[in-house]
Amino acid sequence: MGKVTDTWTSEGKRFMATLQELAGMEVRIGYQRGTLHLNDDGSRADLVDIAMWNEFGTENMPSRPFMRDSVDKHMQAINHVLLSQKDALLKGASAKDVLNTVGLFQQDLIQTEIEQGDFVANASSTIEKKGSDKPLIDTGTMKNSVHFQIVKKGSMD
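The numbering scheme is per chain: residues are counted from 1 as the chain's sequence reads. Since the coordinates come from a predicted model, pLDDT governs what is reported: local features require at least 70, and pairs of side-chain atoms require 80 or more to be given and counted, while whole-chain, interface and lining totals use all residues. The side-chain figures draw on all heavy atoms in the structure; neither hydrogens nor water molecules are used.

Participant: Before we go on, may I ask you to explain unusual backbone geometry in this structure?
Facilitator: The bulk of non-glycine residues show a negative phi, and the bulk of peptide bonds are trans. In this structure, Leu 136 is a non-glycine residue whose phi angle is positive, near 70 degrees. Within the secondary structure layout, Leu 136 lies in the loop between helix H6 (124-130) and helix H7 (141-144). Under the DSSP-based scheme used, a helix requires at least four consecutive residues in state H or I and a strand at least two consecutive residues in state E, with every element numbered from the N terminus.

Participant: Would you mind going over the environment of Gly 103 with me for this structure?
Facilitator: Position of Gly 103 relative to the elements: it lies in helix H5 (residues 95-116). Three exposure classes are used, based on accessible area relative to the maximum for each residue type with a 1.4 Å probe and protein chains only: buried under 20%, partly exposed in between, and exposed over 50%. Note on Gly 103: relative accessible area 0%, which makes it buried. Residues Gly 103 and Val 146, spaced 43 residues apart in sequence, show a C-alpha to C-alpha distance of 10 Å.

Participant: I tried to follow the pattern of salt bridges on my own but got confused; where do I start?
Facilitator: Pairing between side chains of opposite charge can happen when the charged atoms of each approach one another. Salt bridge criterion: a side-chain nitrogen from Lys or Arg within 4 Å of a carboxyl oxygen from Asp or Glu. Scanning the entire structure with this criterion turns up seven salt bridges. With its nearest N and O atoms 3.4 Å apart, the salt bridge here joins Asp 49 to Arg 33. Taken together, the positions of Asp 49 in helix H2 (residues 47-56) and Arg 33 in the loop between strand E1 (25-30) and strand E2 (36-38) put the pair 16 residues apart, joining distant regions of the chain. Assessed through its relative accessible area of 21%, Asp 49 is described here as partly exposed. Take Arg 33: its relative accessible area is 57%, and that puts it in the exposed class. Across the pair Glu 115 and Lys 143 runs a salt bridge, and its minimum N-O distance is 2.4 Å. You can see Glu 115 sitting in helix H5 and its partner Lys 143 sitting in helix H7, a full 28 residues away along the chain.

Right, dumping it as structure tokens:
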């Protein structure tokens, strides 16, 4: 029996190259360090810190897990999007296209959770200051500052 040699089609080569490229990338969704926010008292705080304080709570503020809830409450929708991106890859989508779709989808989930999440109401002192009992919504900064970036996997960017 003779030796059998298989060769890749051009589509197969492209698909394998895309998978290899995808394996070396990741999408990060949330807040990027260095976005300063001016507080009411004139001080500045990094939006990453403000998001973390809201997500996990502090001594003076309850936890409002808008990022964790954006995943935990929507696993079925997330899985649907991920499966659709598998199909997109099979149809020729690039690694960057797939990660852009995933990033935009999760960014939207976080923004929706900020708007519609069921969180502990603001304290009366906060309600007086901002005129609302709805946490995380005041100027729109938290919602509008959710972004994603595509980076090399494991990078410190």
